[in-house]
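Structure at a glance
For reference, the chains in residue letters:
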Amino acid sequence: MRRVQAALLDREGLSPGALADLLVDLRQEVQGLPFGVPDADDLPREAYRDLRARIARAWPELGFYDPATGRALSTCDLPAEIGDALDDLTDLALDLDTALALADTDEADALAWLRFSHDAHWGDHVQDVTRHLRWLD
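Read on for an overview of the structure. (Residues numbered from 1 in each chain as written. Predicted model: local features only at pLDDT ≥ 70, side-chain atom pairs only at ≥ 80, totals over all residues. Heavy atoms only, no water.)

What follows deals with helix α1 (residues 2-10). All of the buried residues in α1 are V4, Q5, A7, L8 and L9. Buried-residue contacts for α1 involve α2 (16-31), α3 (48-58) and α4 (85-103). Once α1 ends, the next one or two residues include R11, with phi positive near 65°. (Buried < 20%, exposed > 50% of the residue type's maximum accessible area, 1.4 Å probe, protein only. Helix = DSSP H or I, 4+ residues; strand = E, 2+ residues; numbered from the N terminus. Contact = heavy atoms within 4.5 Å.)

Below, the structure is given as structure tokens:
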């Protein structure tokens, strides 16, 4: 989880394909966790805009894509369904931030949040953006 978060925010010399591999591995690990909802009233949240800007600096080649093929799109050839790689990765990073913050106090809640947020939100983002990352590589 920490390695994926570091890769999202700082790139660490990774290619888009290597990031796709990390995301697929994370998704497979999280799908193996038991499902639960964390017992946390105040889940930490980092400002979306600031986190998205940081990811955009680390991954400048990412943008809009066709979720069916992963092909990059320009603003002049947008289909009915559009993927936004920066949004996908920012949403994942926000949920990983929450899990990491929870891990500092309660590992069970962190794992429960990771599985819950995967099933409810970022799992689909990872599935879609992985095609785009592989297309870029």
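The next subject is α4. With 19 residues, α4 ought to run about 27 Å at 1.5 Å a step, and its terminal C-alpha atoms sit 27 Å apart, in line with that. With respect to burial, α4 is a largely interior element, 16 of its 19 residues being buried. A distance of 3.2 Å separates the backbone nitrogen of L86 from a side-chain oxygen at the start of α4, and that oxygen is part of D84. (Expected span 1.5 Å × (residues − 1). Polar contact = N/O pair within 3.5 Å; in protein donor to acceptor, adjacent residues only side chain to side chain.)

With that settled, consider the packing of α1 against α3. In helix packing, the relevant descriptors are the interaxial angle and the interaxial distance, both defined with respect to the helix axes. Between α1 and α3, the least distance of the axes is 6 Å, while the angle of their chain directions is 75°. Judged on the interaxial angle alone, α3 and α1 are roughly perpendicular. Taking contact as the criterion, the partners of L8, L9 and D10 in α1 are, on α3, L51, R54, I55 and A58. By residue class, the composition of the contact of α1 with α3 is 5 nonpolar, no polar and 2 charged. (Axes fitted to C-alpha atoms, helices over the stretch in contact; angles between N-to-C directions. Parallel < 35°, antiparallel > 145°, perpendicular 65-115°, else oblique. Nonpolar A, V, L, I, M, F, W, Y, C, P; charged D, E, K, R; others polar.)

Let's shift gears to the packing of α1 against α4. One can describe the packing of α1 onto α4 by two numbers: an axis separation of 10 Å at closest approach and a directional angle of 140°. The angle between the axes of α1 and α4 places the two elements in the oblique class. The two elements α1 and α4 meet at a crossing, and its hand is left-handed. Taken together, the residues of α4 that come into contact with α1 (itself represented by R2, V4, Q5 and L8) are L89, L92, A93, L96, D97 and L100. Considering only residue class, the contact of α1 with α4 consists of 7 nonpolar, 1 polar and 2 charged. (Left-handed = near helix turned anticlockwise from the far one by under 90°.)

Read these as layout, nothing more, since geometry by itself doesn't imply function.
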